Amino acid sequence: MSYENDLITKIAWKYYIEGLTQNEISESLNLSRMKVIKYLEKAKANHVIQFRIDLEKINYQELQQEIKEKYQLKDIYIVPASNDTESENFTLAAAQYIEDRITGDTLISIGYGEAVSKTLGHLRISTKYNVTFVSLSGGVKFYMPTAIDTRSDYYTNPNYKHYIIPSPLMVSSEKLAKEMLAEKPIRNVLEMIPHSNMTIMGIGALNDKATIVKEGYLNSMDIDIIKTQGAAGDMLSQFYDINGDLIDLDLHKQLISSEIGILKSLNHVVAVAGGAHKREAIIGALKGGYIDVLITDEAAARGLVE
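Bear in mind that the values here come from a model prediction, so they are computed numbers and not experimental data.

Visitor: Go over the nonpolar core with me, naming the residues and quoting the values.
Guide: Counting residues in each nonpolar core, the largest one holds 43 residues, and the members touching the most others are I11, I108, I110, F133 and I295. If one sorts the elements of this core by residue count, helix 5 (residues 88-100) sits on top with 6 residues. Excluding anything up to four places from it in sequence, I110 contacts V116, L120, F133, V134, S135, L136, V140, M144, Y154, I164 and I200. Ranked by size, the runner-up nonpolar core spans 40 residues in total, among them L73, I193, L266 and Y290.

Next up, the structure:
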């Protein structure tokens, strides 16, 4: 099921089964009322709505509801696991989720990681909106979509602005990190973040595929040591345990990054992560209360309720 079909079914379910009004659905899903009407019309045209909702087309609804209630999420979207590229399905869904919720000029904070990069690469936002992207950490520019990537309008859309922290993700000492965080160009970007309308985050698992390892900031031995200290995953390159509690690590003091706790105060934090290997990392992020909306695949979602 695609992201759009899942959203159509979700809206149809809320309208015809739960009995919510179009305005109530609009508020609960953070969509405009016109989009709700549009998707209800599509539900009829696509035969999702007949005399009842086609149960074959809502096979994730019960699972989504169970996860929402268990972890007190505002919302969740589940897509099938991709057979081709590990994160293609849920990053496509995440891009469409973002597109649907941009109804005016918007400031979007972006985290660190490959899932965020792929999500941005899939974005196709109307040029009638001015969209500003601001990075939550250093090191972001090294894996963002490039201007020559024909799939992406991230750098070529004339109504996109970018404020990227001009630094690496991690430096050699706590002293240097403090000095850099005090520098005006970096401080100016960090001061924009609390004004974000939406935040897009990845969730890192503890393995060699993690972006922080691929970029050379940590190696396999570092990851093994961090695991022994009880880490389950990371967000903003800050490692937490299965309950979402931050692990006390010296490397956190060397980061040029917003602190992970800021996520609890930001508007509409959307996490993009999938794959069975990220089960513990996602659970820790959910229990820690760092995210509002999860966009994931079935492989990860089923692990969240086992």
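Visitor: If you had to explain the packing of helix 1 (residues 3-17) against helix 2 (residues 22-29) to someone new, which residues and values would you point to?
Guide: For the pair helix 1 and helix 2, interaxial distance at closest approach is 10 Å and the crossing angle is 135°. Classed by the angle they form, the pair helix 1 and helix 2 counts as oblique. Two packed elements cross with a definite hand, and for helix 1 against helix 2 that hand is right-handed. For the pair helix 1 and helix 2, the contacting residues are L7, K10, I11, K14 and Y15 in the first and Q22, I25, S28 and L29 in the second. Looking at the contact of helix 1 with helix 2 residue by residue, the class counts come to 5 nonpolar, 2 polar and 2 charged.

Visitor: So, helix 5: which residues are in play, and what are the values?
Guide: What sets the pattern is the α-helix's 3.6 residues per turn: residues three or four places apart point alike. When the terminal C-alpha atoms of helix 5 are compared, their 18 Å separation across 13 residues agrees well with the 18 Å that a helix rising 1.5 Å per residue should span. When helix 5 is considered as a whole, its buried residues turn out to be E88, F90, T91, A93, A94, A95, Y97, I98 and D100.

Visitor: Before we move on, can you summarise the pattern of salt bridges with the specific residues and values?
Guide: Summed over the entire model, instances satisfying the criterion amount to 9 salt bridges. Residue E4 is joined to K42 by a salt bridge in which the shortest nitrogen-to-oxygen separation is 3.2 Å. Taken together, the positions of E4 in helix 1 and K42 in helix 3 (residues 33-45) put the pair 38 residues apart, joining distant regions of the chain. For K178, the salt bridge is made with E174, and the minimal N-O distance between the two is 3.3 Å. Placement of both K178 and E174 in helix 7 (residues 174-181) is noted, with a separation of 4 residues, approximately one turn of the helix. Connected via shared salt-bridge partners are E114, K118 and K214.

Visitor: Outline the sheet that holds strand 4 (residues 160-163), supporting the account with residue identities and numerical values.
Guide: Strands sit in the order 1-9-8-5-2-3-4 across an open sheet of 7 strands; the sheet is parallel. At either margin of the open sheet sits one strand with a lone partner, and together these are strand 1 (75-79) and strand 4. Pairs of neighbouring strands in the sheet enclose a mean axial angle of 20°, with direction left out of account. Contacting strand 1, strand 2 (106-110), strand 5 (198-202), strand 8 (269-272) and strand 9 (293-297), helix 5 runs over the sheet at an angle of about 145° to strand 9.

Visitor: Explain the environment of D292 to me, and be specific about the residues and the numbers.
Guide: Structurally, D292 can be placed in the loop between helix 11 (279-287) and strand 9. Owing to a relative accessible area of 16%, D292 belongs among the buried residues under this scheme. In this structure the C-alpha to C-alpha distance between D292 and I37, which are 255 residues apart in sequence, comes to 24 Å. With residues up to four places along the chain from it excluded, the contact list for D292 reads L73, K74, D75, L266, N267, H268 and V269. Side-chain polar atoms of D292 contact the backbone nitrogen of V269, separated by 2.8 Å.

Visitor: So what about the side chain of T119? Which residues, and what values?
Guide: Mapping T119 onto the fold places it in helix 6 (residues 114-122). The class for T119 is buried, based on a relative accessible area of 0%. Excluding residues that lie within four positions of it along the chain, T119 makes contacts with T91, A94, A95, I98 and V272.

Each value, and the rule that gives it
Residues numbered from 1 in each chain as written. Predicted model: local features only at pLDDT ≥ 70, side-chain atom pairs only at ≥ 80, totals over all residues. Heavy atoms only, no water. Core = buried A, V, L, I, M, F, W, Y, C linked by side-chain atoms within 4.5 Å. Buried < 20%, exposed > 50% of the residue type's maximum accessible area, 1.4 Å probe, protein only. Helix = DSSP H or I, 4+ residues; strand = E, 2+ residues; numbered from the N terminus. Contact = heavy atoms within 4.5 Å. Axes fitted to C-alpha atoms, helices over the stretch in contact; angles between N-to-C directions. Parallel < 35°, antiparallel > 145°, perpendicular 65-115°, else oblique. Left-handed = near helix turned anticlockwise from the far one by under 90°. Nonpolar A, V, L, I, M, F, W, Y, C, P; charged D, E, K, R; others polar. Expected span 1.5 Å × (residues − 1). Salt bridge = Lys/Arg side-chain N within 4 Å of Asp/Glu carboxyl O. Pairing = 2+ DSSP bridges. Polar contact = N/O pair within 3.5 Å; in protein donor to acceptor, adjacent residues only side chain to side chain.

Functional significance is not addressed by these values, which are geometric in nature.
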